[in-house]
Amino acid sequence: MYWFDKITEKFARRVAGNTSRRHLLRKIGLTLAGGAALPLLPVARAADTGGGSGYHGVAPQTSADPDADPGDPASCDYWRYCAIDGFLCSCCGGTHNSCPPGTSMNPMTWIGTCRNPADNLNYIISYNDCCGKTSCGRCLCNNNVNDTPPYRAFSNNDINWCVGMETSTIYHCSTAIILGIATE
């Protein structure tokens with residue numbers, strides 16, 4: 001073990017001779033501050049692989065059977081809207097899963113899990129904001145089922161998601177797109 005002590009001592013003396021305490025404290029401080037700032041970085045947007053469909057790689061799932069999707073998409077009681085907060089695009093010239101003309105769908109989204117009363121299954125719903133026009137002003141819904149605090153942004157509906165858009169940061173309405181069946 002004598003040789004290990006000598007090597008360690010030699011290395012420690014070389015480091016001490018080439019660096020100062022201030023330099024070492026500065027490096028430690030930068031590392032700690034950089035690590036603490038990591039969660040503050042913006043959310044990365046998904047790449048548009050949908051061929052210009054507006055869904056950014058995720059196509060909305062629908063059923064061929066109209067009875068499997070019960071309810072009125074222009075009503076806040078529609079089963080897909082269990083965690084929506086905003087104006088319904090189905091009242092503003094779009095549908096429950098597409099934006100009205102003149103607006104564009106924001107790829108950043110919040111998610112919720114809603115139960116379909118027709119088949120009693122839970123579905124993962126992506127709530128995308130449509131941006132580019134002034135607020136629609138019709139069919140305002142504020143459903144907060146399983147809403148989380150703002151520091152867990154991906155499932156918080158109180159954030160203006162249009163802020164991340166490159167073209168326009170003006171909010172118009174919100175959509176509810178089924179991503180898939182939720183598994184336990």
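What counts and what doesn't
- Residues numbered from 1 in each chain as written.
- Predicted model: local features only at pLDDT ≥ 70, side-chain atom pairs only at ≥ 80, totals over all residues.
- Heavy atoms only, no water.
- Disulfide = S-S within 2.5 Å.
- Helix = DSSP H or I, 4+ residues; strand = E, 2+ residues; numbered from the N terminus.
- Buried < 20%, exposed > 50% of the residue type's maximum accessible area, 1.4 Å probe, protein only.
- pLDDT = per-residue confidence, 0-100.
- Contact = heavy atoms within 4.5 Å.
- Patch = residues over 30% accessible without salt bridge, like charges linked within 9 Å, V, L, I, M, F, W, Y side chains within 5 Å.
- Areas by Shrake-Rupley, 256 points an atom, 1.4 Å probe, with all protein chains shown as cover.
- Salt bridge = Lys/Arg side-chain N within 4 Å of Asp/Glu carboxyl O.
- Core = buried A, V, L, I, M, F, W, Y, C linked by side-chain atoms within 4.5 Å.
- Phe/Tyr/Trp six-rings, centres within 6.5 Å; stacked < 30°, edge-to-face > 60°.

**Some details on the state of the cysteines**
Next up, step 1: Enumeration according to the criterion identifies seven disulfides in this entry.
Next up, step 2: Each disulfide pairs two cysteine sulfurs, and for Cys82 the partner residue is Cys114, the sulfurs being separated by 1.9 Å. Handedness here is read from the sign of the S-S torsion; for Cys82 and Cys114, about -85°, the answer is left-handed. One end of the pair, Cys82, is in the loop between helix H2 (21-37) and strand S1 (85-87); the other, Cys114, is in strand S2 (residues 104-116), with 32 residues separating them in the sequence. Both residues of the pair, Cys82 and Cys114, belong to the buried class.
Next up, step 3: The disulfide partner of Cys89 is Cys173, and the gap between their sulfur atoms is 2.0 Å. Across the S-S bond linking Cys89 and Cys173, the dihedral sits near 90°, which makes this disulfide right-handed. Remark: Cys173 occurs in strand S5 (residues 171-174) and Cys89 occurs in the loop between S1 and S2; sequence separation between them is 84 residues. Each member of the pair, Cys89 as well as Cys173, is classed as buried.

**Some words on the confidence of the model for the protein**
Next up, step 1: In this model, the protein carries an average pLDDT of 76, and 73% of its residues clear a pLDDT of 70 or more.
Next up, step 2: Note that pLDDT drops below 50 for residues 43-60; the model gives that stretch 27 contacts with residues more than four away or on any other chain.

**What about the side chain of Ser174?**
Next up, step 1: Mapped onto the secondary structure, Ser174 falls in strand S5.
Next up, step 2: On the accessibility criterion, Ser174 (1% relative accessible area) is buried.
Next up, step 3: Discounting residues that sit within four places of it in the chain, Ser174 has contacts with Ile84, Asp85, Gly86, Phe87, Leu88, Cys89, Trp110, Asn128 and Asp129.

**Quick notes on a nonpolar patch on the surface**
Next up, step 1: A grouping of Met1, Trp3, Phe4 and Ile7 is seen on the molecular surface, where their side chains present a nonpolar patch of about 520 Å² in accessible area.
Next up, step 2: Along the chain, Phe4 turns up in helix H1 (residues 2-18).
Next up, step 3: Relative accessible area serves as the criterion here: at 43%, Phe4 is assigned to the partly exposed category.

**What to know about the nonpolar core**
Next up, step 1: Within the largest apolar cluster, 31 residues are counted, with the highest numbers of intra-cluster contacts made by Trp79, Ile84, Ile125 and Tyr127.
Next up, step 2: Looking at this core, the element that brings in the most residues is strand S3 (residues 121-131), giving five residues.
Next up, step 3: Not counting residues within four places of it along the chain, the set of residues in contact with Ile125 comprises Trp79, Arg80, Trp110, Ile111, Gly112, Cys114, Ala176, Ile177 and Ile178.

**Observations concerning the packing of aromatic side chains**
Next up, step 1: All chains considered together, the criterion is met by six aromatic pairs.
Next up, step 2: Consider the rings of Tyr78 and Tyr81, whose centres lie 5.2 Å apart with planes at 70°: the pair is edge-to-face.
Next up, step 3: Summarising the aromatic geometry, the rings of Trp110 and Tyr127 are spaced 5.5 Å apart at their centres and angled 20° between planes, so their arrangement reads as stacked. Taken as a pair, Trp110 in strand S2 and Tyr127 in strand S3 lie far apart in primary sequence, 17 residues in all.
Next up, step 4: Accessibility expressed as a relative area gives 0% for Tyr127, which makes it buried.

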